Amino acid sequence: MAIELTILLSALLIGVTLSALLIKRLVYSLIMLFYSGLLLGCIFLAYGASYAGLFQIITFAGAVSVMFMVILMLIGGEPTPTGQRISREQVIGLGLSIAGFLVVASILWQFGPSPIPVEETVLARQMGFAADDPLSFLWSLRAWDIVFLVILVSAALAGILNLFSKEGEHE
Amino acid sequence: MIDQQILQLTAAAMFFMGLAGLATTRNLVKAIMSFQVVLFGVNLALFSSGLGPNGPTMFSTALLVLSISIGASIEAFALSLVILVYRHYGTLNPWEIRRLRH
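How each quantity is defined
Residues numbered from 1 in each chain as written. Chains lettered and ligands numbered in written order. Predicted model: local features only at pLDDT ≥ 70, side-chain atom pairs only at ≥ 80, totals over all residues. Helix = DSSP H or I, 4+ residues; strand = E, 2+ residues; numbered from the N terminus. Buried ≥ 20, exposed ≤ 12 C-beta atoms within 10 Å, placed from the backbone. Contact = placed C-beta atoms within 7 Å. Nonpolar A, V, L, I, M, F, W, Y, C, P; charged D, E, K, R; others polar. Core = buried A, V, L, I, M, F, W, Y, C linked by C-beta atoms within 7 Å. Expected span 1.5 Å × (residues − 1). pLDDT = per-residue confidence, 0-100. Axes fitted to C-alpha atoms, helices over the stretch in contact; angles between N-to-C directions. Parallel < 35°, antiparallel > 145°, perpendicular 65-115°, else oblique. Bend = angle between axes of the 7 residues up to and from the residue.

Caption draft 1: Inspection of the overall build of chain A at higher detail. Broken down by element type, chain A carries eight helices and zero strands. Starting at the N terminus and walking to the C terminus, you meet the elements of chain A as α-α-α-α-α-α-α-α. Per-residue burial over chain A gives 21% buried out of 171 residues. A fraction of 42% describes how many contacts in chain A between residues 6 or more apart in sequence connect residues 24 or more apart.

Caption draft 2: Region of the structure containing the interface of chain A and chain B. Counting residues at the interface gives 65 residues for chain A, matched by 61 residues for chain B. A total of 12 residues in the side of chain A that touches chain B trace back to one element, the largest contributor, which is helix H3 (residues 50-75) of chain A. Residue classes in the side of chain A that touches chain B are distributed as 45 nonpolar, 16 polar and four charged.

Caption draft 3: Spotlight on the nonpolar core. If you look at the biggest cluster of nonpolar residues, it comprises 56 residues, and the most contacted ones within it are Met14, Val29 and Val82 of chain B. Sequence-distant contacts of Val29 of chain B, defined by excluding residues within four places in its chain, comprise Leu26 and Ile71 of chain A together with Val82 and Leu92 of chain B.

Caption draft 4: The arrangement of helix H3 (residues 58-89) of chain B in detail. Over its 32 residues, H3 of chain B runs 46 Å from end to end, which matches the ideal 46 Å to within 8%, given 1.5 Å per residue. Of the residues one or two after H3 of chain B, Gly90 of chain B is the one with positive phi, at around 75°.

Caption draft 5: Structural detail: the environment of Gly50 of chain B. Residues and elements named next belong to chain B. Considering the arrangement of structural elements, one finds Gly50 in the loop between helix H2 (28-49) and strand E1 (51-52). For Gly50 and Asn27, which are 23 residues apart along the polypeptide, the C-alpha to C-alpha distance reads 35 Å. Once residues within four sequence positions are removed from consideration, Gly50 is found in contact with Pro56, Thr57, Phe59 and Ser60.

Caption draft 6: Just the environment of Phe60 of chain A, in detail. Here Phe60 of chain A is to be found in helix H3. Phe60 of chain A sits in the buried class, given 25 other C-beta atoms within 10 Å. Sequence spacing of Phe60 of chain A and Tyr35 of chain A is 25 residues, and the spatial spacing of their C-alpha atoms is 9.8 Å. Residues contacting Phe60 of chain A, with those up to four places away along its chain left out, are Gly37 of chain A together with Ala72 of chain B.

Caption draft 7: Highlighting the confidence of the model for chain B. Residues and elements named next belong to chain B. The share of residues in chain B with pLDDT of 70 or more is 98%, and the mean pLDDT across the chain is 87. By mean pLDDT, the top-scoring element of chain B is H2 (92), and the lowest-scoring one is helix H4 (residues 94-101) (78). With pTM at 0.82, the complex prediction returns an ipTM value of 0.90.

Caption draft 8: Structural context of the packing of helix H1 (residues 3-22) of chain A against helix H1 (residues 3-24) of chain B. Two elements in contact, H1 of chain A and H1 of chain B, have axes whose closest approach is 10 Å; the angle formed by their N-to-C orientations is 0°. It follows from the interaxial angle that H1 of chain A and H1 of chain B lie roughly parallel. On H1 of chain B, the residues touching Ile3, Thr6, Ile7, Ser10, Leu13, Ile14, Thr17, Leu18 and Leu21 of chain A of H1 of chain A are Asp3, Ile6, Leu7, Thr10, Ala13, Met14, Met17 and Gly21 of chain B. Here the residues of the contact of H1 of chain A with H1 of chain B are counted per class, giving 11 nonpolar, five polar and one charged.

Caption draft 9: Spatial organisation of H3 of chain A. With 26 residues, H3 of chain A extends 36 Å from end C-alpha to end C-alpha; this agrees with the ideal 38 Å at 1.5 Å per step. Where H3 of chain A bends most, at Ser65 of chain A, the angle is about 30°. For H3 of chain A, every residue scored as buried is listed here: Ala52, Gly53, Phe55, Gln56, Thr59, Phe60, Ala61, Val64, Phe68 and Ile71 of chain A. The elements touched by buried residues of H3 of chain A are helix H2 (26-46) of chain A together with H2 and H3 of chain B. Residue Gly76 of chain A follows H3 of chain A closely and has a positive phi angle near 90°.

The structure is reproduced here in C-alpha coordinates:
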(Lines give C-alpha, C1' and ligand atoms only; values in the text may rest on other atoms or scores of the structure.)
Protein backbone atom coordinates (compact mmCIF):
# COMPACT_ATOMS: atom_id res chain seq x y z
CA MET A 1 0.00 0.00 0.00
CA ALA A 2 1.17 3.54 -0.74
CA ILE A 3 2.85 5.18 2.23
CA GLU A 4 0.94 8.44 1.56
CA LEU A 5 -2.35 6.68 2.26
CA THR A 6 -0.95 5.29 5.54
CA ILE A 7 0.19 8.76 6.63
CA LEU A 8 -3.19 10.28 5.64
CA LEU A 9 -5.21 7.62 7.50
CA SER A 10 -2.95 7.84 10.57
CA ALA A 11 -3.15 11.65 10.69
CA LEU A 12 -6.95 11.53 10.29
CA LEU A 13 -7.21 8.89 13.02
CA ILE A 14 -5.11 10.91 15.48
CA GLY A 15 -7.00 14.15 14.67
CA VAL A 16 -10.46 12.58 15.04
CA THR A 17 -9.49 10.79 18.27
CA LEU A 18 -7.98 13.95 19.75
CA SER A 19 -11.14 15.91 18.96
CA ALA A 20 -13.23 13.10 20.54
CA LEU A 21 -11.25 13.50 23.74
CA LEU A 22 -11.20 17.31 23.75
CA ILE A 23 -14.85 18.07 22.89
CA LYS A 24 -16.84 18.76 26.05
CA ARG A 25 -20.29 17.67 24.88
CA LEU A 26 -20.61 13.90 25.15
CA VAL A 27 -22.82 13.45 22.04
CA TYR A 28 -20.32 15.18 19.72
CA SER A 29 -17.51 13.28 21.43
CA LEU A 30 -19.36 10.03 20.70
CA ILE A 31 -19.79 10.95 17.01
CA MET A 32 -16.03 11.59 16.75
CA LEU A 33 -15.35 8.25 18.47
CA PHE A 34 -17.58 6.56 15.89
CA TYR A 35 -15.45 8.03 13.10
CA SER A 36 -12.32 6.96 14.95
CA GLY A 37 -13.50 3.32 15.03
CA LEU A 38 -14.46 3.54 11.38
CA LEU A 39 -11.04 4.90 10.37
CA LEU A 40 -9.23 2.19 12.36
CA GLY A 41 -11.35 -0.43 10.57
CA CYS A 42 -10.41 1.22 7.24
CA ILE A 43 -6.70 0.90 8.13
CA PHE A 44 -7.16 -2.82 8.82
CA LEU A 45 -9.11 -3.24 5.56
CA ALA A 46 -6.52 -1.28 3.56
CA TYR A 47 -3.77 -3.69 4.68
CA GLY A 48 -5.80 -6.74 3.70
CA ALA A 49 -7.05 -7.84 7.12
CA SER A 50 -10.68 -8.02 6.03
CA TYR A 51 -11.92 -10.13 8.96
CA ALA A 52 -10.42 -7.82 11.58
CA GLY A 53 -11.47 -4.66 9.71
CA LEU A 54 -15.09 -5.69 9.32
CA PHE A 55 -15.20 -6.97 12.90
CA GLN A 56 -13.78 -3.67 14.14
CA ILE A 57 -16.35 -1.63 12.19
CA ILE A 58 -19.29 -3.84 13.24
CA THR A 59 -18.25 -3.95 16.89
CA PHE A 60 -16.91 -0.49 17.69
CA ALA A 61 -18.46 1.77 15.06
CA GLY A 62 -21.74 -0.16 15.28
CA ALA A 63 -22.62 -1.95 18.52
CA VAL A 64 -20.52 0.00 21.02
CA SER A 65 -21.56 3.38 19.55
CA VAL A 66 -25.25 2.43 19.81
CA MET A 67 -24.65 1.28 23.40
CA PHE A 68 -22.99 4.60 24.24
CA MET A 69 -25.95 6.43 22.69
CA VAL A 70 -28.43 4.44 24.84
CA ILE A 71 -26.35 5.21 27.95
CA LEU A 72 -26.30 8.93 27.09
CA MET A 73 -30.09 8.85 26.65
CA LEU A 74 -30.47 7.15 30.04
CA ILE A 75 -28.26 9.60 31.94
CA GLY A 76 -29.45 12.65 30.01
CA GLY A 77 -26.11 13.43 28.33
CA GLU A 78 -24.82 15.70 31.06
CA PRO A 79 -21.74 17.60 29.86
CA THR A 80 -18.35 17.18 31.46
CA PRO A 81 -18.12 19.55 34.43
CA THR A 82 -16.01 22.58 33.57
CA GLY A 83 -14.51 25.49 35.45
CA GLN A 84 -13.06 23.34 38.21
CA ARG A 85 -9.53 23.69 39.39
CA ILE A 86 -7.07 21.25 37.85
CA SER A 87 -5.94 18.87 40.57
CA ARG A 88 -2.41 17.62 41.18
CA GLU A 89 -3.36 14.08 40.15
CA GLN A 90 -4.53 15.33 36.74
CA VAL A 91 -1.27 17.20 36.14
CA ILE A 92 0.76 14.13 37.14
CA GLY A 93 -1.35 11.86 34.88
CA LEU A 94 -1.01 14.22 31.92
CA GLY A 95 2.74 14.61 32.49
CA LEU A 96 3.29 10.86 32.77
CA SER A 97 1.29 10.26 29.55
CA ILE A 98 3.29 12.84 27.58
CA ALA A 99 6.59 11.54 28.99
CA GLY A 100 5.59 7.94 28.19
CA PHE A 101 4.71 8.86 24.62
CA LEU A 102 8.01 10.70 24.13
CA VAL A 103 9.99 7.69 25.42
CA VAL A 104 8.09 5.19 23.23
CA ALA A 105 8.25 7.49 20.17
CA SER A 106 12.00 8.00 20.54
CA ILE A 107 12.55 4.23 20.84
CA LEU A 108 10.36 3.53 17.79
CA TRP A 109 12.07 6.33 15.85
CA GLN A 110 15.58 4.95 16.44
CA PHE A 111 14.93 1.22 16.40
CA GLY A 112 12.25 0.66 13.80
CA PRO A 113 10.66 -2.78 13.75
CA SER A 114 12.04 -5.10 11.12
CA PRO A 115 9.43 -7.25 9.41
CA ILE A 116 10.21 -10.93 9.82
CA PRO A 117 9.04 -13.12 6.94
CA VAL A 118 7.07 -16.02 8.41
CA GLU A 119 5.89 -18.91 6.29
CA GLU A 120 2.70 -19.26 8.25
CA THR A 121 0.86 -21.33 5.70
CA VAL A 122 3.56 -24.02 5.64
CA LEU A 123 3.78 -23.93 9.45
CA ALA A 124 0.02 -24.24 9.84
CA ARG A 125 -0.10 -27.19 7.42
CA GLN A 126 2.72 -28.92 9.31
CA MET A 127 0.82 -28.53 12.58
CA GLY A 128 -2.42 -29.66 11.01
CA PHE A 129 -4.30 -26.32 11.18
CA ALA A 130 -6.53 -24.75 8.56
CA ALA A 131 -4.19 -22.30 6.86
CA ASP A 132 -6.66 -20.17 4.94
CA ASP A 133 -9.03 -18.96 7.65
CA PRO A 134 -7.99 -16.73 10.60
CA LEU A 135 -10.94 -17.84 12.73
CA SER A 136 -10.22 -21.58 12.44
CA PHE A 137 -6.51 -20.74 12.93
CA LEU A 138 -7.51 -18.98 16.15
CA TRP A 139 -9.70 -21.88 17.24
CA SER A 140 -6.88 -24.38 16.63
CA LEU A 141 -4.35 -22.41 18.67
CA ARG A 142 -6.40 -20.61 21.29
CA ALA A 143 -9.55 -22.62 21.93
CA TRP A 144 -9.42 -21.98 25.72
CA ASP A 145 -9.11 -18.23 25.14
CA ILE A 146 -12.27 -18.34 23.06
CA VAL A 147 -14.11 -20.34 25.75
CA PHE A 148 -13.18 -17.75 28.37
CA LEU A 149 -14.11 -15.01 25.91
CA VAL A 150 -17.58 -16.51 25.56
CA ILE A 151 -17.88 -16.47 29.37
CA LEU A 152 -16.77 -12.81 29.41
CA VAL A 153 -19.27 -11.82 26.71
CA SER A 154 -22.01 -13.69 28.62
CA ALA A 155 -21.08 -11.75 31.79
CA ALA A 156 -21.32 -8.46 29.89
CA LEU A 157 -24.70 -9.47 28.41
CA ALA A 158 -25.95 -10.53 31.85
CA GLY A 159 -24.87 -7.16 33.26
CA ILE A 160 -26.74 -5.27 30.55
CA LEU A 161 -29.86 -7.45 30.86
CA ASN A 162 -29.83 -7.00 34.63
CA LEU A 163 -29.69 -3.26 34.09
CA PHE A 164 -32.91 -3.22 32.09
CA SER A 165 -34.80 -5.80 34.14
CA LYS A 166 -38.13 -4.77 35.71
CA GLU A 167 -37.05 -6.07 39.11
CA GLY A 168 -34.22 -3.56 39.17
CA GLU A 169 -36.65 -0.71 38.46
CA HIS A 170 -38.88 -1.60 41.43
CA GLU A 171 -35.91 -1.47 43.76
CA MET B 1 10.32 5.35 7.54
CA ILE B 2 8.23 2.28 6.77
CA ASP B 3 4.49 1.68 7.10
CA GLN B 4 4.92 -0.44 10.21
CA GLN B 5 6.82 2.32 12.00
CA ILE B 6 4.15 4.93 11.16
CA LEU B 7 1.38 2.65 12.39
CA GLN B 8 3.25 1.90 15.62
CA LEU B 9 3.85 5.61 16.25
CA THR B 10 0.12 6.21 15.65
CA ALA B 11 -0.70 3.37 18.05
CA ALA B 12 1.60 4.84 20.71
CA ALA B 13 0.02 8.28 20.23
CA MET B 14 -3.49 6.85 20.61
CA PHE B 15 -2.55 4.78 23.65
CA PHE B 16 -1.07 7.74 25.50
CA MET B 17 -3.87 10.10 24.39
CA GLY B 18 -6.37 7.69 25.93
CA LEU B 19 -4.24 7.39 29.07
CA ALA B 20 -4.10 11.19 29.39
CA GLY B 21 -7.89 11.32 28.91
CA LEU B 22 -8.37 8.69 31.63
CA ALA B 23 -6.13 10.65 34.00
CA THR B 24 -7.73 14.05 33.45
CA THR B 25 -11.46 13.47 32.86
CA ARG B 26 -14.12 14.16 35.50
CA ASN B 27 -16.88 12.12 33.85
CA LEU B 28 -17.17 8.32 33.97
CA VAL B 29 -18.67 8.05 30.45
CA LYS B 30 -15.78 10.12 29.11
CA ALA B 31 -13.40 7.84 31.03
CA ILE B 32 -14.84 4.81 29.20
CA MET B 33 -14.47 6.69 25.91
CA SER B 34 -10.80 7.26 26.82
CA PHE B 35 -10.50 3.56 27.61
CA GLN B 36 -11.84 2.83 24.12
CA VAL B 37 -9.10 5.04 22.65
CA VAL B 38 -6.50 3.08 24.67
CA LEU B 39 -8.03 -0.09 23.26
CA PHE B 40 -7.79 1.27 19.69
CA GLY B 41 -4.10 1.99 20.30
CA VAL B 42 -3.49 -1.52 21.62
CA ASN B 43 -5.33 -3.08 18.67
CA LEU B 44 -3.37 -1.00 16.18
CA ALA B 45 -0.07 -1.94 17.88
CA LEU B 46 -1.05 -5.61 17.76
CA PHE B 47 -1.94 -5.32 14.08
CA SER B 48 1.16 -3.39 13.07
CA SER B 49 3.52 -5.70 14.97
CA GLY B 50 2.29 -8.60 12.86
CA LEU B 51 2.63 -6.72 9.58
CA GLY B 52 5.08 -8.60 7.37
CA PRO B 53 6.27 -7.98 3.82
CA ASN B 54 3.25 -9.92 2.49
CA GLY B 55 0.64 -8.12 4.58
CA PRO B 56 -0.60 -9.01 8.06
CA THR B 57 0.14 -12.48 9.41
CA MET B 58 -2.80 -14.72 10.20
CA PHE B 59 -1.77 -15.08 13.84
CA SER B 60 -1.85 -11.31 14.44
CA THR B 61 -5.23 -11.06 12.68
CA ALA B 62 -6.61 -13.87 14.83
CA LEU B 63 -5.32 -12.26 18.03
CA LEU B 64 -6.74 -8.92 16.86
CA VAL B 65 -10.22 -10.41 16.49
CA LEU B 66 -9.87 -11.85 20.01
CA SER B 67 -8.71 -8.49 21.40
CA ILE B 68 -11.60 -6.60 19.74
CA SER B 69 -14.16 -8.99 21.25
CA ILE B 70 -12.63 -8.82 24.75
CA GLY B 71 -12.42 -5.01 24.57
CA ALA B 72 -16.04 -4.63 23.45
CA SER B 73 -17.38 -6.91 26.20
CA ILE B 74 -15.33 -5.16 28.89
CA GLU B 75 -16.68 -1.84 27.65
CA ALA B 76 -20.27 -3.10 27.75
CA PHE B 77 -19.75 -4.28 31.31
CA ALA B 78 -18.17 -0.96 32.32
CA LEU B 79 -21.08 0.98 30.81
CA SER B 80 -23.61 -1.09 32.75
CA LEU B 81 -21.61 -0.38 35.94
CA VAL B 82 -21.70 3.35 35.09
CA ILE B 83 -25.50 3.26 34.91
CA LEU B 84 -25.66 1.51 38.30
CA VAL B 85 -23.31 4.14 39.78
CA TYR B 86 -25.45 6.95 38.31
CA ARG B 87 -28.62 5.46 39.79
CA HIS B 88 -26.98 5.06 43.19
CA TYR B 89 -25.09 8.34 43.54
CA GLY B 90 -26.85 10.61 41.03
CA THR B 91 -23.59 11.87 39.55
CA LEU B 92 -20.89 10.70 37.17
CA ASN B 93 -18.05 12.72 38.65
CA PRO B 94 -15.54 10.28 40.20
CA TRP B 95 -14.30 12.91 42.69
CA GLU B 96 -17.88 13.54 43.83
CA ILE B 97 -18.58 9.80 44.06
CA ARG B 98 -15.48 9.36 46.22
CA ARG B 99 -16.71 12.16 48.53
CA LEU B 100 -20.24 10.68 48.74
CA ARG B 101 -18.91 7.20 49.50
CA HIS B 102 -17.76 8.19 53.01
